[in-house]
Structures are given as structure tokens and as C-alpha cells.
Amino acid sequence: MKKIPEPAIHHLLKTLADGAVFAKRAPDKQAPPYIIFQRIDREQWAHINGQSKKAQALFQIDCYAEGYYSSKGLAGRAEALLVAITSKTEITHDEIDLDGGETQSTVTLAGISLQNDVDLLDETDEPVLDRVSQTYLVTFYQ
Amino acid sequence: MIASSAKVSSGSWPRQKAIKLKFKAKLTGFDGLSETLRELPTRVENKVLQKSVTAAARSVRKEFQNAAPRDEEGQSPASELYGRGYRNIRVQRLKRTEKGQKGARITTGNAFWLYFYELGTRYQPARPWFLPTFQRLQKAILSELAKRIGEGIEKESKK
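A short tour of the structure in this document, coming up.

Scoring rules and cut-offs
- Residue positions are given per chain, counting from 1 as you read along its sequence in written order.
- Labels follow written order: the first chain is A, the first ligand is 1, and so on.
- Local features in a predicted model are, by the rule used here, given only for residues with pLDDT of at least 70; side-chain atom pairs are given and counted only at 80 or more, and totals for whole chains, interfaces and linings are based on all residues.
- The side-chain quantities take in all heavy atoms of the structure and omit both hydrogens and water.
- Each helix is a run of H or I in the DSSP string that is no shorter than four residues. Each strand is a run of E no shorter than two, and both are numbered from the N terminus.
- The reference for a compact globule is 2.2 Å times residues^0.38; the radius of gyration itself is calculated from the C-alpha atoms.
- Only protein chains enter the accessibility calculation, which uses a 1.4 Å probe; a residue whose area is less than 20% of its type maximum is buried, one above 50% is exposed, and one in between is partly exposed.
- Only heavy atoms matter for contacts: two residues are in contact if any of them lie within 4.5 Å across the pair.
- Per-residue and other accessible areas follow the Shrake-Rupley method at a 1.4 Å probe size, with only the shown protein chains counted as cover for residues.
- Pairing of aromatic side chains requires ring centres within 6.5 Å, counting the rings of Phe and Tyr and the six-membered ring of Trp. Pairs whose planes differ by under 30 degrees are stacked, by over 60 edge-to-face, and all others tilted.
- Salt bridge, as used here, is a side-chain nitrogen of Lys or Arg placed within 4 Å of a carboxyl oxygen of Asp or Glu.
- N or O atoms within 3.5 Å of each other form a polar contact, as long as, within protein, one can give a hydrogen and the other can take it, and as long as residues adjacent in sequence are counted only when both atoms are side-chain atoms.
- Residue type decides the class: Asp, Glu, Lys and Arg count as charged, Ala, Val, Leu, Ile, Met, Phe, Trp, Tyr, Cys and Pro as nonpolar, and the leftover types, Gly among them, as polar.
- Remark: nonpolar core denotes a set of buried residues (Ala, Val, Leu, Ile, Met, Phe, Trp, Tyr, Cys) joined through side-chain atoms within 4.5 Å.
- As a rule, the C-alpha atoms of each element are fitted with a line to give its axis, helices using only the stretch in contact, and angles between N-to-C directions run from 0 to 180 degrees.
- Crossing handedness is read from the near helix: turned anticlockwise from the far helix by less than a right angle, it gives a left-handed crossing, and turned clockwise, a right-handed one.

### Observations regarding the overall build of chain A
Scanning chain A from N- to C-terminus turns up two helices and six strands. In chain A, the succession of helices and strands from N to C terminus is α-β-β-β-α-β-β-β. Computed over its C-alpha atoms, the radius of gyration of chain A comes to 16 Å, within 12% of the 14 Å expected for a compact globule of 142 residues. Burial statistics for chain A: of 142 residues in total, 41% are counted as buried. Sequence-distant contacts in chain A: of pairs separated by 6 or more residues, those separated by 24 or more amount to 59%. For chain A, the accessible surface area stands at approximately 7,600 Å², while carbon and sulfur atoms represent 50% of it.

### What to know about the packing of aromatic side chains
All names here are of chain B. Applying the stated criterion across every chain yields a total of nine aromatic pairs over all chains. Ring centres of Phe112 and Phe116 lie 5.8 Å apart, and the angle between their planes is 75 degrees; on these two criteria the pair is classed as edge-to-face. With centroids separated by 5.3 Å and ring planes inclined at 80 degrees, the aromatic side chains of Trp129 and Phe130 adopt a geometry described as edge-to-face. A relative accessible area of 7% places Trp129 in the buried class.

### What to know about the interface of chain B and chain A
A common measure of how large an interface is: the accessible area buried when the components associate. With 15 residues of chain B at the contact, the number on the chain A side is 25 residues. Along the contact surface separating chain B from chain A lie one salt bridge. For Asp122 of chain A, the salt bridge is made with Arg122 of chain B, and the minimal N-O distance between the two is 3.1 Å. Where chain B meets chain A, there are twelve residue pairs in polar contact (both at pLDDT 80 or more). Residue composition of the side of chain B that touches chain A, by class: nine nonpolar, four polar and two charged.

### Focus: the nonpolar core
In this structure, Leu13, Ile61, Leu109 and Ile112 of chain A are the most contacted members of the largest nonpolar core, which totals 34 residues. For this core, the elements supplying multiple residues, two or more each, are α1 (6–13), β1 (21–23), β2 (34–47), β3 (50–65), α2 (68–83), β5 (102–122) and β6 (129–141) of chain A. Top element by residues in this core is β3 of chain A. It accounts for six residues. Those residues in contact with Ile112 of chain A, other than ones at most four positions away along the chain, are Ile9, Leu12, Leu82, Val83, Ile85, Tyr136, Leu137 and Val138 of chain A. Core analysis: the next-biggest nonpolar cluster, separate from the first, contains 30 residues, Val53, Phe116, Phe130 and Ile141 of chain B among them.

### A short note on the pattern of salt bridges
Counted by the stated rule, this structure contains nine salt bridges over all chains. Its salt-bridge partner being Asp28 of chain A, residue Arg25 of chain A comes within 3.8 Å of it at the nearest N-O pair. With relative accessibility at 59%, the residue Asp28 of chain A sits in the exposed group. A salt bridge links Glu144 of chain B to Lys147 of chain B; the nearest nitrogen and oxygen atoms lie 4.0 Å apart.

### Examining unusual backbone geometry
Residue and element names in this part refer to chain A. For the bond running from Pro32 to Pro33, omega is 0 degrees, close enough to zero to count as cis. Relative to the helices and strands, Pro33 resides in the loop between β1 and β2. Of note, the bond from Glu126 into Pro127 is cis; its omega dihedral lies within 30 degrees of zero at -5 degrees. Of note, Pro127 is situated in the loop between β5 and β6. In this structure, Ala17 takes a positive phi of about 50 degrees despite not being glycine. Here Ala17 lies in the loop between α1 and β1.

### Concerning the side chain of Ser71 of chain A
Tracing the backbone through its elements, the reader meets Ser71 of chain A in helix α2. Here Ser71 of chain A is in contact with Cys63, Ala65, Asp130, Arg131 and Val132 of chain A, once residues within four sequence places are set aside.

### Some points on the environment of Ala68 of chain B
Secondary-structure assignment places Ala68 of chain B in the loop between α3 (61–67) and α4 (77–82). When sequence neighbours within four positions are dropped, the list of residues in contact with Ala68 of chain B reads Tyr86, Ile89 and Trp129 of chain B.

### Considering the packing of helix α2 (residues 42–59) of chain B against helix α6 (residues 130–158) of chain B
Residues and elements named next belong to chain B. Axis separation between α2 and α6 bottoms out at 8 Å; the angle between their running directions is 145 degrees. By crossing handedness, the relation of α2 to α6 is classed as right-handed. Counted together, Val44, Lys47, Val48, Leu49, Ser52, Val53, Ala55, Ala56 and Ser59 of α2 and Ile141, Glu144, Leu145, Arg148, Ile149, Gly152, Ile153 and Glu156 of α6 form the full contact between these two elements. Taken together, the residues that form the contact of α2 with α6 break down as ten nonpolar, three polar and four charged.

If you want it as C-alpha cells, here you go:
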């Protein structure tokens, strides 16, 4: 089975915001601060001998907090954690297998770089939250 | 060589600045025409560039409208108030640009919910539609721009 980088990103970010890291969306009434991550694109290459083992994915990582500088601080810590991956790095994470049991799995990342970030305000619910939306390019072995 | 630029933005919503995707492009291969453009009065040169940039953006407006998310079953209250999202997608000429640059904006107008689709919210995953469309059409925009500039210069030089 091909490896996907999502669990590795989740695992890396879990050390922030007291572990309040969610894929795609936050639970209702989740207290800030928290992080939402999701893959928004993926690219892979084919060689003459078949598909490359390396692939790249774009991740959107949103850091939500009450207050502009709190969200900036959280985003800064996320960035420091992620861009520190500059070479082949194995990330071991917990995984739920098909039988519902927990196993350990390893994803190998080749590098993470920040592509852009933008300050936003999320007014969809109370309290209004400051949000820093970052896009990262993640290179990984699949 | 002719340099031009275009700005593309995905609209705005209350208390929220528009997200701007800017791209600058250098078009080459206009050796003869570039000289002709320089010989034209600045007013005419500006007119040719502005018309070309706006026309290039207009040429892909339909693609953005087709790519915009839409609810086939009904309309949300916001959509009833401001009109269907894809109908809000328009091209505007940028009036304030740096010297020597001309620009056009593809805007989502009042359809602020298209912005939620693009970037997501805390309760809604991002479903980007604007940026992928823009990336897909970048080459088409540039070739349309080159074509329009060439036609514009020829037309003005014959006057």
C-alpha cells in the first residue's frame, strides 16, 4: 500500500496547541487555539521505468487562535517544526488498522517548505478567531 | 520585449481583505512590434496594453464561472440576496497600478461564500476552485495577452 503523508504531518503538529490538531475541519465548539490541516493538491512523477517513489503534496495548515499575535505565534511554531524537515526523515506514528487495533507505521518525508501564508479572520462563529493560513509543499516517499 | 502584469483576486467578504493572486509575466518575441509600440504616443501605448490585459482576463472569465461551485438544487439565502456565485464573477480594470503596468482583476464580487469554498473555514474544509483554475489557465491568459497586444499595436500603427 502506498504511504500517505497526512499521518506524519498530524504527528508533527500534535505537539502544538495541546494536541488540538484536526484534519479538514474542527469539531463544533472546539475551544481555540487549534490547528486544521488538509491536503489540497498532490503531484507525482512517472519515469520511464514506472512511477517515482517520491511525490509532492500541498498542505494547507490553518492556525486558529483568539488574538492576532496568538495565531501568529502558533503559526510560527508550526512553521519552525515543519521546515526543520530538510532531508530524509522517518516519522513513526500511531495508526488504526482495518481491525480497529492500533499499530505503528512509518512515513518517510524528504522535505517540507513553506510556500505562502496569509492572515485571515474567521467570523463563521463566536468567538471570532484570528487565523493564519499557510501552504506547505511536502515531499515524501510513497 | 514587453512587460505587463495582471492581478487576479478572489473577491472579498465583510471585514476581510480580498485574497490576491498576483502574477507578473514577461512576454518575448515582439522585437519588431515592441519598437512600434514605443514609437506610439504614451497614451496610445497605455490604451493598447490596458485593452489587451482586460481582454485577456475576459477571455477566461467563463472558465472561472464554470469552475465556481454551485448548488444545483437550490439557492442559499446569501445567494438569493447577492445572486448566484458564478454570476458574480466579473472582470474589472485595475485603475491604480504602478507606472508602466496595466492590470485587470477577476473578482467574485459579492459572492463571499466562494471565498469560504476556496480557503475553508473552521467548520468547512477548503475546496479550492479558483487557484487550480488560474494555474490551469495561466498559459492561455498569456497567449491571449500576446495575441491582443500584437493586434492592438498593428491596429494603432495603421491609424
